[in-house]
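Okay, here's what each chain looks like letter by letter:
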Amino acid sequence: MRELPEPKLSLLGHMELSVARPHLPKKTPVGNRRIIQVTGGKFEGEYFSAEVLPGGDDWITVREDGTIIQDVRITLETDDGEIILMTYRGIRTGARSVLNRLDKGEEVDPDEYYFRTNPVFETGSEKYHWLNNRIFVSNGIRMPEGVSYSIYTVE
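The protein chain has the name UPF0311 protein ABHD89_001869 in an unreviewed UniProt entry, where Salinicoccus halitifaciens is given as its organism.

Take a look at the structure:
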């Protein structure tokens, strides 16, 4: 079989989200759920900057081992007035003791846990149409007041 070149990553930008306190519904047949409202934030990158509009949500499933599976939907409004929808699924996992510290709102070194997402962008904007046609990955950090991501385009 032919080996293809390894994909390259290029930085799209950095995003910080502020979030509200989680709603903690009871355990469902799928697992323990947390629903966290995204209250705002900022995206900054070489190709565009945007405000994260309030009203997005992070629907989290917490597995038995404490691993978190994210299902997030947010709306970005660029500095030039364009709207970009952003969704992503992600995973945050690590040693149980580390995950417990994160759950308590403690600041934890990101080298102590794995936190990655797969953003998908959708927009009707001609200027930012290229976002509809790329694959993205990110690494994240959970902070006491929210989350921070570095988002990369897979070349």
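Asks: Please clarify how the nonpolar core should be interpreted in this entry.
Replies: With 27 residues, the main nonpolar core has M15, L17, F48, I74 and L76 as its most contacted residues. Looking at this core, the elements with two or more residues in it are β1 (9-19), β2 (32-45), β3 (49-52), β5 (68-78), β6 (83-94), α1 (96-103), β7 (113-122) and β9 (146-154). With residues near it in sequence (within four places) discarded, L17 still touches V38, G40, G41, V52, I74, Y88, E145, G146, V147 and Y149.

Asks: What is the right way to look at a negative patch on the surface in this model?
Replies: Judged by side-chain charge, E16, E44, E107 and E145 come together as a negatively charged surface patch. The residue E16 is located in strand β1 in this model.

Asks: Just to check I follow, could you spell out the pattern of salt bridges for this structure?
Replies: Side chains that differ in sign of charge can pair as their charged atoms come close. On inspection of all chains with the given rule, the structure shows 9 salt bridges. A salt bridge links D71 to R73, with the nearest nitrogen and oxygen atoms 2.5 Å apart. The partner of R89 in a salt bridge is D71, with the nearest N and O atoms 4.0 Å apart. You can see R89 sitting in strand β6 and its partner D71 sitting in strand β5, a full 18 residues away along the chain. Residue class for D71 comes out partly exposed when judged on its relative accessible area of 23%. Each of the salt bridges in this network shares a partner with another, and the network as a whole consists of R34, R92 and D103.

Asks: Just checking my understanding: could you explain the environment of E106 for this structure?
Replies: Mapped onto the secondary structure, E106 falls in the loop between α1 and β7. Between the alpha carbons of E106 and R142 there is a distance of 9.0 Å; along the sequence they are 36 residues apart. Once you skip the residues sitting within four places of it in the chain, E106 turns out to touch R101 and P144.

Reading the values: rules and limits
- Residues numbered from 1 in each chain as written.
- Predicted model: local features only at pLDDT ≥ 70, side-chain atom pairs only at ≥ 80, totals over all residues.
- Heavy atoms only, no water.
- Core = buried A, V, L, I, M, F, W, Y, C linked by side-chain atoms within 4.5 Å.
- Buried < 20%, exposed > 50% of the residue type's maximum accessible area, 1.4 Å probe, protein only.
- Helix = DSSP H or I, 4+ residues; strand = E, 2+ residues; numbered from the N terminus.
- Contact = heavy atoms within 4.5 Å.
- Patch = residues over 30% accessible without salt bridge, like charges linked within 9 Å, V, L, I, M, F, W, Y side chains within 5 Å.
- Areas by Shrake-Rupley, 256 points an atom, 1.4 Å probe, with all protein chains shown as cover.
- Salt bridge = Lys/Arg side-chain N within 4 Å of Asp/Glu carboxyl O.
- Lys, Arg positive; Asp, Glu negative; His and termini not counted.
- Charge placed at Lys NZ, Arg CZ, Asp CG, Glu CD.

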